[in-house]
Amino acid sequence: MEFRTQVHHIHNNSIGGIFQCLVLACYHYSERVRYSITPATTLSLRMTHSHSSQNPVIEQQRVIIPNKHGEKLVGLLHETGSKEIVILCHGFRSTKADRTMVNLAVALEKEGISAFRFDFAGNGESEGSFEFGNYSKEADDLHSVIQHFCEANRIVCAILGHSKGGDVVLLYASKYHDIHTVVNVSGRYDLKKGIEERFGKDFMDRIQDGFVDIKNKKGVEYRVTKESLMERLSLDMHEVCLKIPRECRVLTVHGSADEIIPVGDALEFAKIIPNHKLHIVEGANHNYTSYQTELASVVLNYLKETLRQD
């Protein structure tokens with residue numbers, strides 16, 4: 001109302017009047033949305049809310065972090081000003097823009113907890129070539145991201161991965177031992193399974209020539225090399241989980257109606273991870289299509305509980 005009242009008194013027929021309109025429009029818009037550039041980001045979008053705990057100041061920053069191979073990893077930081085930060089990892093052939101990643105980041109920011117969702121190398125906006133397996137390299141990408149925030153004096157209080165990302169965060173916990181809270185959302189326990197379901201029963205025969213191109217209606221979607229397939233098949237998640245330190249807390253969330261990775265995989269994780277909590281979301285499919293709110297609630301309750309313990 002204030003803006004419209006001021007504009008009403010400006011003579012729109014004059015150049016000066018038009019200029020004043022533009023100035024006022026820019027001023028009032030800038031009160032709601034402010035852009036800034038920082039050394040660690042290429043774009044910062046700040047949304048000003050009241051300064052209560054229920055409505056924190058939220059700032060989304062596009063952050064670029066080099067991995068150990070020199071490839072640029074691109075992510076979005078949901079900055080609430082908290083010292084603690086949660087890192088979110090997408091699944092196979094997905095990106096940081098995946099609905100589950102976005103909804104979890106928004107749920108965290110509403111609780112005043114900063115979150116960072118990023119693209120693994122070869123996915124989304126990040127540099128590098130897409131590879132089918134790549135679990136170990138993605139765990140190393142995650143390490144580069146965690147190092148970046150630790151060097152910025154942030155506390156990475158948890159890492160969360162969905163689907164393939166669930167396996168990556170578990171692999172990270174077994175390898176690096178520097179994160180004490182891990183959330184595995186719908187990860188696969190037996191990586192030897194799911195190959196035929198995705199690529200067909202004759203896939204192992206076809207890939208003996210070195211690679212198989214996976215095609216869709218538009219042409220080649222991506223290539224699976226024999227080397228990348230062998231990397232996946234050689235990764236034993238049972239052995240990985242046995243190497244996760246006892247002091248590392250692990251939550252596994254899985255949908256009972258998961259059509260891609262059976263809920264039985266979650267039960268196997270529960271058997272072998274020492275400091276483990278299991279939550280089955282009844283009726284949820286692999287992407288939690290109608291259960292995003294429940295998934296976010298389960299994750300938030302667990303994280304708030306672990307933060308109180310710390």
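The coordinates are above.
All residue numbers here refer to positions counted from 1 along the written sequence of the relevant chain. Residue-level local features of this predicted model are given only where pLDDT is at least 70; pairs of side-chain atoms are given and counted only at 80 or more, and the full residue set underlies all totals for whole chains, interfaces and linings. To obtain the side-chain values, all non-hydrogen atoms of the structure were used and water was disregarded.

A.B. asks: Give me the lowdown on the overall build of the chain, citing residues and values where you can.
C.D. replies: Only DSSP runs of H or I covering at least 4 residues are called helices, and only runs of E covering at least 2 are called strands; the numbering of each starts at the N terminus. A tally of helices and strands in the chain yields 11 helices and 12 strands. Partly exposed describes any residue whose relative accessible area lies between the buried limit of under 20% and the exposed limit of over 50%, with all areas from a 1.4 Å probe on protein chains only and scaled to the type maximum. For the chain, buried positions account for 48% of its 310 residues. Any two residues whose heavy atoms approach within 4.5 Å at even a single point are treated as in contact. Across the chain, every contact between residues at least 6 apart in sequence was considered, and the portion connecting residues at least 24 apart equals 63%. Note on areas: these come from Shrake-Rupley sampling with a 1.4 Å probe, and a residue is covered only by the protein chains present in the view. For the chain, the exposed area adds up to about 15,700 Å²; of that, 52% sits on carbon and sulfur atoms.

A.B. asks: Requested: an account of the packing of aromatic side chains, with residues and values cited.
C.D. replies: The description of an aromatic ring pair rests on the distance of the ring centres and on the angle between the ring planes. When two rings of Phe, Tyr or Trp (its six-membered ring) have centres within 6.5 Å they constitute a pair, described as stacked for plane angles under 30 degrees, edge-to-face for angles over 60, and tilted for the intermediate range. Enumeration according to the criterion identifies 11 aromatic pairs in this entry. When the ring of Phe116 is compared with that of Phe149, the centres are 5.0 Å apart and the planes differ by 65°; the resulting orientation is edge-to-face. Residue Phe116 is located in strand β6 (residues 114-118), and its partner Phe149 is located in helix α4 (residues 135-151); the two are separated by 33 residues in the primary sequence. For the pair Phe116 and Phe149, one class covers both residues: buried. Taking the centre distance of 5.5 Å and the plane angle of 85° together, the rings of Tyr189 and Phe269 count as edge-to-face. Of this pair, Tyr189 sits in the loop between β8 (181-185) and α6 (195-199) while Phe269 sits in helix α10 (residues 264-272), and the two are 80 residues apart along the sequence. Comparing Tyr189 with Phe269, the two get one shared label, buried. In this structure an aromatic cluster arises from ring pairing among Phe92, Phe130, Phe132, Phe199, Phe203 and Tyr222. Consider the ring centre and the ring normal. A charge sits over the ring if Lys NZ or Arg CZ is within 6 Å of that centre and within 35 degrees of that normal. Cation over ring: Arg93 sits above Phe130, and NZ or CZ is 4.7 Å from the ring centre. Looking at Lys164, its charged tip hangs above the ring of Tyr135, at a distance of 4.9 Å from the centre.

A.B. asks: If you had to explain the nonpolar core to someone new, which residues and values would you point to?
C.D. replies: Soluble globular proteins: nonpolar side chains tend toward being buried together. Put simply, a nonpolar core is a bunch of buried Ala, Val, Leu, Ile, Met, Phe, Trp, Tyr and Cys residues held in one set by side-chain atoms that sit within 4.5 Å of each other. Counting residues in each nonpolar core, the largest one holds 39 residues, and the members touching the most others are Ile87, Phe116, Phe118, Leu142, Phe149, Ile159 and Leu170. Once you skip the residues sitting within four places of it in the chain, Phe118 turns out to touch Leu73, Val74, Gly75, Ile87, Leu88, Cys89, His90, Lys96, Leu142 and Val145. Counting residues in hydrophobic clusters, the runner-up holds 26 residues, among them Met101, Ala105, Val253 and Tyr288.

A.B. asks: Explain the pairing of strand β12 (residues 276-281) to me, using residue names and the numbers behind them.
C.D. replies: Examined bridge by bridge, strand β11 (residues 249-255) and β12 share six bridges and lie parallel to one another. Note on β12: the bridge partner recorded for Gly255 is Val281. Handedness of the β11-α10-β12 crossover: right-handed. Strand pairing requires that DSSP identify at least two bridges connecting the strands. A clockwise course of the path from the first strand over the helix to the second, judged with the strands pointing away from the viewer, identifies a crossover as right-handed.

A.B. asks: Could you give an account of the packing of α4 against helix α5 (residues 164-176), with specific residues and numbers?
C.D. replies: Under this scheme, a helix contributes an axis fitted over its contacting stretch, all axes are lines through C-alpha atoms, and angles between N-to-C directions fall in the 0 to 180 degree range. It is at 9 Å that the axes of α4 and α5 come closest, and there the two elements cross at 70°. As judged from the angle between their axes, α4 and α5 are roughly perpendicular. Each of Tyr135, Ser136, Glu138, Ala139, Asp140, Leu142, His143 and Ile146 in α4 lies in contact with α5, whose residues at this interface are Lys164, Asp167, Val168, Val169, Leu171, Tyr172, Lys175 and Tyr176. To sort the angles, those under 35 degrees are grouped as roughly parallel, those over 145 as roughly antiparallel, those from 65 to 115 as roughly perpendicular, and the leftovers as oblique.

A.B. asks: Now, about unusual backbone geometry: what can you tell me, with residues and values included?
C.D. replies: Despite not being glycine, Asn153 shows a phi value in the positive range, around 65°. Looking at the element boundaries, Asn153 is found in the loop between α4 and β7 (155-162). Classification of Asn153 by relative accessible area gives exposed; the value is 56%. Of note, the phi angle at Tyr288 is positive, near 55°, even though the residue is not glycine. For Tyr288, the location among the structural elements is in the loop between β12 and α11 (292-309).

A.B. asks: Tell me about the pairing of strand β9 (residues 211-216), residues and numbers included.
C.D. replies: For β9 and strand β10 (residues 219-225), the ladder comprises six bridges, and the chain directions are antiparallel. By the bridge assignment for β10, Val212 is matched with Val224. Adjacent in sequence and paired antiparallel, β9 and β10 are bridged by two residues.

A.B. asks: Outline the environment of Met237, listing residues and values.
C.D. replies: Locating Met237 in the fold gives a position in helix α9 (residues 237-242). As a C-alpha pair, Met237 and Glu268 span 31 residues in sequence and 10.0 Å in three-dimensional space. Not counting residues within four places of it along the chain, the set of residues in contact with Met237 comprises Asp167, Leu170, Arg188, Tyr189, Leu191, Phe269 and Ile272.

A.B. asks: Describe in detail α4, supporting the description with residues and values.
C.D. replies: Each helix should span, by expectation, one fewer than its residue count multiplied by 1.5 Å. Between its first and last C-alpha, α4 extends 24 Å over 17 residues, near the 24 Å set by a 1.5 Å rise per residue. The element α4 is largely enclosed, with a buried count of 12 among its 17 residues. Along α4, the positions that sit buried rather than exposed are Tyr135, Lys137, Glu138, Ala139, Asp140, Asp141, Leu142, His143, Ser144, Val145, Ile146 and Phe149. A positive backbone phi angle near 65° is found at Asn153, which sits one or two residues after α4.

Just geometry here; none of it tells us what the structure is for.
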